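Analysis of the macromolecular model
Here is what each chain is made of, one letter per residue.
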Amino acid sequence: IEVIVLGMLVGQRQKYRLAKNFIYLDNIDTLVSENADCKILTFTSEVKGKSELIQKYWKDLNCPHGSINWDSLDDILSDLSWIKEYCVILHHQSIPQLDPNDLSMYLTILNDQSTVNSKAVNLSKALLVVFPPSLKDEIESIDLWKRQD
């Protein structure tokens with residue numbers, strides 16, 4: 001495994017190729033019907049850049065606090081206790097327009113917090129991350145950051 005060490009990132013991480021904990025669906029209707037008590041956030045290609053992406057989370061989730069940085073997004077997604085719905089679906093219609101390092105960090109945070117991942121910290125709410133199947137190969141080819149414990 002090729003390892004790239006970068007010390008100044010969220011929780012001291014190293015970059016590894018990891019399997020992703022995402023769901024690949026063209027139509028989320030079935031997923032929504034199986035998880036009726038869900039809040040759905042839809043991400044389109046109109047969301048550009050880290051700041052705009054994180055601000056969309058704060059607005060759509062009515063976040064009680066948060067800064068425009070990856071640590072803050074990671075914290076928010078690990079504790080969705082103020083949201084009344086049991087399930088949160090992050091429906092991505094496209095890959096966010098981020099620079100490569102930001103995209104890797106963003107996907108890492110989603111991967112870490114997804115409840116498809118048995119190690120997810122967020123156990124009080126189901127957090128499901130959805131991308132279209134046409135993007136699977138591209139998403140799966142992006143290296144993620146692994147926390148150094």
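Structure: above.
To keep things clear, this report deals only with the structure shown in the data block. Think of each chain on its own: its residues are numbered from 1, step by step along the sequence as written. It should be noted that, the model being predicted, local features are given only for residues of pLDDT at least 70 and side-chain atom pairs only at 80 or more, the latter also being counted only at that level, while totals for whole chains, interfaces and linings use all residues. Side-chain numbers here rest on the full set of heavy atoms in the structure, without hydrogens or water.

**What to know about the side chain of Ser 114**
Quick note on the threshold: Per the convention used, a helix needs a DSSP run of H or I reaching at least four residues, while a strand needs a run of E reaching at least two, with both numbered from the N terminus. The rule is simple: take the accessible area with a 1.4 Å probe, protein chains only, and divide by the maximum for that residue type; under 20% is buried, over 50% is exposed, in between is partly exposed. For this analysis, a polar contact is any N or O atom pair within 3.5 Å, provided that within protein one partner can donate a hydrogen and the other can accept it, and provided that sequence-adjacent residues contribute only side-chain to side-chain pairs.
The topology assignment puts Ser 114 in the loop between α4 (100-113) and β6 (126-131). According to the relative accessible area criterion, Ser 114 is buried, its value standing at 0%. For Ser 114, the side chain forms a polar contact with the main-chain oxygen of Asn 21, separated by 3.0 Å.

**Side note on α4**
As a reminder, the rule being used: Expected span of a helix, by definition, is 1.5 Å for each gap between consecutive residues, and there is one gap fewer than residues.
With 14 residues, α4 should reach 20 Å at 1.5 Å per residue; the first-to-last C-alpha distance of 20 Å fits that figure. Among the 14 residues of α4, twelve are classified as buried, and the element is accordingly described as predominantly covered. Every buried residue belonging to α4 is among Asp 102, Leu 103, Ser 104, Met 105, Tyr 106, Leu 107, Thr 108, Ile 109, Leu 110, Asn 111, Asp 112 and Gln 113, and all of these are buried. The residue sitting at the N-terminus of α4 and contributing the capping side-chain oxygen is Asp 99; that oxygen lies 3.1 Å from the backbone nitrogen of Asn 101.

**Observations concerning helix α2 (residues 49-60)**
An α-helix turns once every 3.6 residues. As a result, residues three or four positions apart point the same way. Note the following rule: Contact between two residues is taken to exist if any of their heavy atoms lie within 4.5 Å; hydrogens are not considered.
Here α2 is twelve residues long and its end C-alpha atoms lie 17 Å apart, about the 16 Å a rise of 1.5 Å per residue gives. Within the sequence span of α2, burial applies to Leu 53, Ile 54, Lys 56, Tyr 57 and Trp 58. Next to the buried residues of α2 lie β4 (38-43), α3 (70-78), β5 (87-92) and α4. In the segment just after α2, Asn 62 is the residue with positive phi, at about 50°.

**What about the nonpolar core?**
Heads up, the rule is: Only buried Ala, Val, Leu, Ile, Met, Phe, Trp, Tyr and Cys residues count toward a nonpolar core, and they belong to the same one when joined by side-chain atoms within 4.5 Å.
One finds Tyr 57, Leu 61 and Tyr 106 to be the most contacted residues of the largest nonpolar core, which totals 35 residues. Contributions of two or more residues to this core are made by β4, α2, α3, β5, α4, β6 and β7 (144-147). The next biggest cluster of nonpolar side chains, apart from the first, holds nine residues, and it includes Ile 28, Leu 31, Cys 38 and Ile 89.

**Some words on the environment of Asp 112**
Mapped onto the secondary structure, Asp 112 falls in helix α4. Judged by relative accessible area, which is 18%, Asp 112 ranks as buried. Residues Asp 112 and Trp 145 lie 33 residues apart in sequence; the distance between their C-alpha atoms is 9.7 Å.

**Describing the pattern of salt bridges**
The test is simple: The term salt bridge refers to a side-chain nitrogen of Lys or Arg lying within 4 Å of a carboxyl oxygen of Asp or Glu.
Per the stated rule, a full pass over the model turns up one salt bridge. One salt bridge in this structure joins Lys 56 and Asp 60, with 2.5 Å as the shortest N-O distance. Here Lys 56 pairs with Asp 60, and both are found in helix α2, just four residues apart, close to one helical turn. Given a relative accessible area of 19%, Lys 56 falls into the buried group.

**Here's the deal with the pairing of β6**
Rule in force here: Strands are labelled as partners when DSSP assigns at least two bridges between them.
Of all six residues making up β6, six are buried, and the element is well covered by its neighbours. Summarising the sheet, strand β3 (residues 23-24) and β6 pair through two bridges and their orientation is parallel. By the bridge assignment, Tyr 24 is partnered in β6 with Phe 131. Where β5 lies against β6, five bridges are found, and the strand directions are parallel. Residue pairing in the sheet places His 91 in a bridge with Val 130 of β6.

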